[in-house]
Amino acid sequence: FFAGLSKLRYLGFENNLTGEWIQRALKPESRTIWPALNKTIVDSAVLRVCFSWGNLAVEIVLPLLATFVTRGRRGVLVRALFLSSAIIFHAIVLLTLGPNFCRLALLDLLAADLVAVAV
């Protein structure tokens with residue numbers, strides 16, 4: 001949640017909506033696993049917007065929903081959406097920015113408490 005707020009504060013609202021900040025973040029010389037993916041995202045305005053809005057959803061909207069929608073079937077659905085989105089988000093971060101955030105995908109799985117869900 002706070003990473004998303006920091007992006008809004010320091011990068012600006014407009015940069016977050018247009019995805020312009022992604023051009024600076026996805027440098028081809030970074031520790032990326034798949035440099036061609038970074039180039040494709042940086043070169044496409046549509047992909048930059050999609051990734052930027054997806055980032056805002058995972059870092060701001062879904063955590064707020066998971067905090068406030070906690071009961072009943074909606075709460076279960078919001079939690080499942082948030083956790084699955086977070087896992088996918090961190091997998092994409094692995095591909096585009098490198099392995100630094102890989103451990104957070106494991107933390108997402110721990111938060112999902114799959115053992116309790118299976119029982």
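What you see is a predicted model; the values in this text were computed from it and never measured.

J.: Hey, could you run me through the overall build of the protein chain in this one?
T.: The secondary structure content of the protein chain amounts to 8 helices and 0 strands. Mapped in sequence order, the helices and strands of the protein chain form the string α-α-α-α-α-α-α-α. Going through the 119 residues of the protein chain one by one, you find that 29% of them count as buried. For the protein chain, restricting intrachain contacts to residue pairs at least 6 apart in sequence, the fraction spanning at least 24 positions comes to 61%. For the protein chain, the exposed surface amounts to about 7900 Å²; the carbon and sulfur share of it is 71%.

J.: Please clarify how the confidence of the model for the protein chain should be interpreted in this entry.
T.: Reading fine detail from the predicted coordinates is not recommended where pLDDT is low. Averaged over the protein chain, the pLDDT score is 82; the fraction of residues at 70 or greater is 90%. Mean pLDDT across the elements of the protein chain ranges from a minimum in helix 8 (residues 114-118), with 60, to a maximum in helix 5 (residues 45-68), with 92.

J.: Looking at this model, I keep getting lost on the nonpolar core. Mind explaining?
T.: One recurring pattern in soluble globular proteins: nonpolar side chains tend to sit buried together. Of all hydrophobic cores here, the largest spans 6 residues; its members are Trp 21, Ile 22, Leu 26, Leu 37, Ile 41 and Val 42. Looking at this core, the elements with two or more residues in it are helix 3 (20-25) and helix 4 (35-43). Per element, the largest residue contribution to this core is 3 residues, and it comes from helix 4. Excluding residues that lie within four positions of it along the chain, Ile 22 makes contacts with Ile 41, Val 42, Arg 48, Phe 51 and Ser 52.

J.: Help me understand the side chain of Thr 32 in this model?
T.: Note that Thr 32 resides in the loop between helix 3 and helix 4. Assessed through its relative accessible area of 13%, Thr 32 is described here as buried. Here the side chain of Thr 32 touches Leu 95 through a polar contact of 2.7 Å, landing on its backbone oxygen. Polar contacts involving the side chain of Thr 32 include one to the main-chain carbonyl oxygen of Thr 96, which spans 3.4 Å. When residues no more than four places from it in sequence are discounted, the contact partners of Thr 32 are Asn 38, Leu 95, Thr 96, Leu 97 and Gly 98.

J.: In this structure, what is going on with the packing of helix 4 against helix 5? I would like to understand it.
T.: Packed helix pairs are specified by the crossing angle of their axes together with the interaxial distance, meaning the distance between the axes. With their axes 5 Å apart at the nearest point, helix 4 and helix 5 run at an angle of 100° to one another. With respect to each other, helix 4 and helix 5 are oriented roughly perpendicular. Residues Thr 40, Ile 41, Val 42 and Asp 43 of helix 4 pack against Ala 45, Leu 47, Arg 48 and Phe 51 of helix 5. Looking at the contact of helix 4 with helix 5 residue by residue, the classes come out as 5 nonpolar, 1 polar and 2 charged.

J.: In this structure, what is going on with the environment of Val 78? I would like to understand it.
T.: Within the fold, Val 78 resides in helix 6 (residues 72-97). Measuring from C-alpha to C-alpha, the distance between Val 78 and Ala 66 comes to 5.8 Å, with 12 residues separating the pair along the chain. Sequence-distant contacts of Val 78, that is, excluding residues within four places in its chain, are made with Leu 65, Ala 66 and Val 69.

J.: Would you take a moment to explain the environment of Cys 102 for this structure?
T.: Turning to its location among the elements, Cys 102 is positioned in helix 7 (residues 102-112). The spatial distance from the C-alpha of Cys 102 to the C-alpha of Ile 87 is 9.5 Å, given a sequence separation of 15 residues.

What counts and how
- Residues numbered from 1 in each chain as written.
- Predicted model: local features only at pLDDT ≥ 70, side-chain atom pairs only at ≥ 80, totals over all residues.
- Heavy atoms only, no water.
- Helix = DSSP H or I, 4+ residues; strand = E, 2+ residues; numbered from the N terminus.
- Buried < 20%, exposed > 50% of the residue type's maximum accessible area, 1.4 Å probe, protein only.
- Contact = heavy atoms within 4.5 Å.
- Areas by Shrake-Rupley, 256 points an atom, 1.4 Å probe, with all protein chains shown as cover.
- pLDDT = per-residue confidence, 0-100.
- Core = buried A, V, L, I, M, F, W, Y, C linked by side-chain atoms within 4.5 Å.
- Polar contact = N/O pair within 3.5 Å; in protein donor to acceptor, adjacent residues only side chain to side chain.
- Axes fitted to C-alpha atoms, helices over the stretch in contact; angles between N-to-C directions.
- Parallel < 35°, antiparallel > 145°, perpendicular 65-115°, else oblique.
- Nonpolar A, V, L, I, M, F, W, Y, C, P; charged D, E, K, R; others polar.

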